[in-house]
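Coordinates in review
The residues making up each chain are set out below.
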Amino acid sequence: MQVLSVLLDLVLLGPPGSGKGTQAARLAEKYRIPAIATGDILRAQVEAGTPLGVQVKAYLDRGELAPDSLVIDIIRHRLSEPDTRRGFILDGFPRTVRQAEALDALLVELGRPLDAVLYLQVDRESLLERLSHRAEVDQRSDDRPDVIAHRIDVFLDQTAPLIDHYRRQSKLRLIDGTQSPELVAAAIDDVIGSLADPTGPSPGG
Ligand code: AMP
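What counts, and at which threshold
Every residue gets a number counted from 1 within its own chain, in the order that chain's sequence is written. Local features in this predicted model are restricted to residues whose pLDDT is 70 or higher, and side-chain atom pairs enter the listing and the counts only when it is 80 or higher, whereas totals over whole chains, interfaces and linings include all residues. Values reported for side chains reflect all heavy atoms of the structure, with hydrogen atoms and water molecules removed beforehand. Whether a residue is near a molecule or strand depends on its heavy atoms: it is near if one of them lies within 4 Å of it. Definition of a polar contact: a pair of N or O atoms within 3.5 Å, with one able to donate and the other able to accept a hydrogen when the atoms are protein atoms, and with sequence-neighbouring residues admitted only if both atoms are side-chain atoms. Areas reported as accessible are Shrake-Rupley estimates using a 1.4 Å probe. Residue values count occlusion only from the protein chains shown. With a 1 Å grid laid over protein atoms only, a set of points is called a cavity when a 1.4 Å probe fits there but cannot get out and a pocket when it is open yet has protein on both sides within 12 Å along at least five of seven lines; lining residues have an atom within 4 Å of a point. Cavities and pockets are treated as containing a molecule whenever more than half of the molecule's atoms lie within 2 Å of their grid points. Numbering goes from the N terminus for both helices and strands, where a helix is a DSSP run of H or I of at least four residues and a strand is a run of E of at least two. Three classes are used: nonpolar for Ala, Val, Leu, Ile, Met, Phe, Trp, Tyr, Cys and Pro, charged for Asp, Glu, Lys and Arg, and polar for all others, with Gly counted as polar. Nonpolar cores were defined as sets of buried Ala, Val, Leu, Ile, Met, Phe, Trp, Tyr and Cys residues, with membership established by side-chain atoms within 4.5 Å. Relative accessibility decides the category of a residue: with a 1.4 Å probe and only protein chains considered, values under 20% of the type maximum give buried, values over 50% give exposed, and everything between is partly exposed. In what follows, a contact means two residues having at least one pair of non-hydrogen atoms within 4.5 Å. Counted as positive: Lys and Arg. Counted as negative: Asp and Glu. His and the chain ends are not counted at all. By convention in these notes, a salt bridge is any Lys or Arg side-chain nitrogen within 4 Å of a carboxyl oxygen on Asp or Glu. Grid points are joined across faces, edges and corners, and a volume is the space filled by probe spheres set on the points. Paired strands, as defined in this entry, are two strands with at least two bridges between them according to DSSP. Read the arc as the range of directions from the helix axis to the C-beta atoms.

1. Concerning the site of the ligand
Around the ligand, the surrounding shell holds 17 residues, and the nearest of these are Thr 38, Glu 64, Ala 66, Gly 92 and Gln 99. In the model, an oxygen atom of the ligand is placed 3.0 Å from a nitrogen or oxygen of the Arg 43 side chain. Contact between the ligand and Gln 99: a nitrogen atom at 2.9 Å from a side-chain N or O atom of the residue. The protein chains hide 95% of the 480 Å² of surface that the ligand would expose on its own. Structurally, the ligand is housed in the largest pocket. Contributions of two or more residues to the shell around the ligand are made by helix H2 (38-48) and helix H3 (51-62). Considering every element that reaches the shell around the ligand, the biggest residue donor is H2, with four residues. Among the residues forming the shell around the ligand, the class breakdown is seven nonpolar, four polar and six charged.

Structure below.
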């Protein structure tokens, strides 16, 4: 009998264009746990023209962060869904200290602390290059050159403080995000492999 007892709760932290989405999708498939991207959730609401979508559209178009209370509510609901029982990968949340504190409190409530926060480090030049290339293929309304630069500034201003927040909690793991996706994936797998697993070795491994 195979017992899948692994609980893997991860945050992917990194600037826009650092490869969070790519790595989150891979991890989701590998560990069969959901990747939860607040950007995707918000874009879907905008597309569907829901009241929430109408409310946040202008923020997304300008590359500004949507209000904390809104995204915190989204995550609170999402983490109560049964598919997160064995773990989750948060991609693009938290993005402010207030969001991080709300997540800390929520996870205390749920009795499931984060296993690690993977910080994908990529320099500004590489980000600009990647995002302008992405703009040619995906037609996201916020992948315009002026908005791209602003989103990086927003990251440095509002999200980079989370690096220290999680370093203080000894959760932070640095990953060189300038490498190829395959090498980034290998570095992430090394980190996950090194995490203490209180449930013991997995069956067959
Ligand atoms: P992303 O797809 O992660 O690059 O997010 C796209 C946009 O969605 C961001 O520029 C913000 O406008 C909004 N967004 C996504 N996640 C958050 C969050 N955690 N807090 C506030 N706004 C967010």
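2. Re the nonpolar core
Ile 75, Leu 79, Leu 90, Leu 103, Leu 114 and Tyr 166 are the most contacted members of the largest nonpolar core, which totals 29 residues. Ranked by the residues each element gives to this core, the list is headed by helix H4 (residues 68-78), at five residues. Those residues in contact with Ile 75 that lie beyond four places of it in its chain are Ile 36, Thr 38, Leu 90, Phe 93, Leu 103 and Leu 106. Listed in part, the 17 residues of the second largest apolar core include Ala 24, Leu 27, Ala 116 and Val 191.

3. Some words on the side chain of Asp 104
In this fold, Asp 104 is placed in helix H5 (residues 97-110). Despite being buried, Asp 104 has no salt bridge partner; Lys 171 is the closest side chain of opposite charge, sitting 8.0 Å away. Among the polar contacts made by the side chain of Asp 104, one reaches the side chain of Gln 169 at a distance of 3.0 Å. Filtering out sequence-adjacent residues up to four positions away, Asp 104 remains in contact with His 165, Tyr 166 and Gln 169.

4. Some points on empty space enclosed by the protein
Under the definition given, this model contains one cavity of 30 Å³ or more. Each pocket or cavity is described by its volume, and for the largest cavity that value is around 40 Å³. If you trace the largest cavity, you find it lined by Ile 72, Ile 75, Arg 76, Phe 93, Ala 102, Leu 103 and Leu 106. For the lining of the largest cavity, the elements supplying multiple residues, two or more each, are H4 and H5.

5. Regarding the pairing of strand S1 (residues 8-13)
Summarising burial for S1: six of the six residues are buried, a large majority. Burial of S1 is two-sided: the residues Leu 8, Leu 10 and Leu 12 facing one way and the residues Asp 9, Val 11 and Leu 13 facing the other way are all buried. The pairing of S1 with strand S3 (residues 87-91) spans five bridges and is parallel. Opposite Val 11, over in S3, you have Leu 90 as the bridge partner. As judged from the four bridges shared by S1 and strand S4 (residues 116-121), these two strands associate in the parallel manner. Considered in S4, the bridge of Val 11 is made with Val 117.

6. As for H3
By the burial criterion, the buried members of H3 are Leu 52, Gly 53, Val 56 and Leu 60. End-on, the buried residues of H3 take up no more than an arc of 90 degrees, which puts them together on one face. Seen from the buried face of H3, the exposed residues on the opposite side, beyond 90 degrees, are Pro 51 and Val 54. Contact partners of the buried residues in H3: H2 and H4. Immediately beyond the C-terminal end of H3, within one or two residues, lies Gly 63, with a positive phi of roughly 75 degrees.

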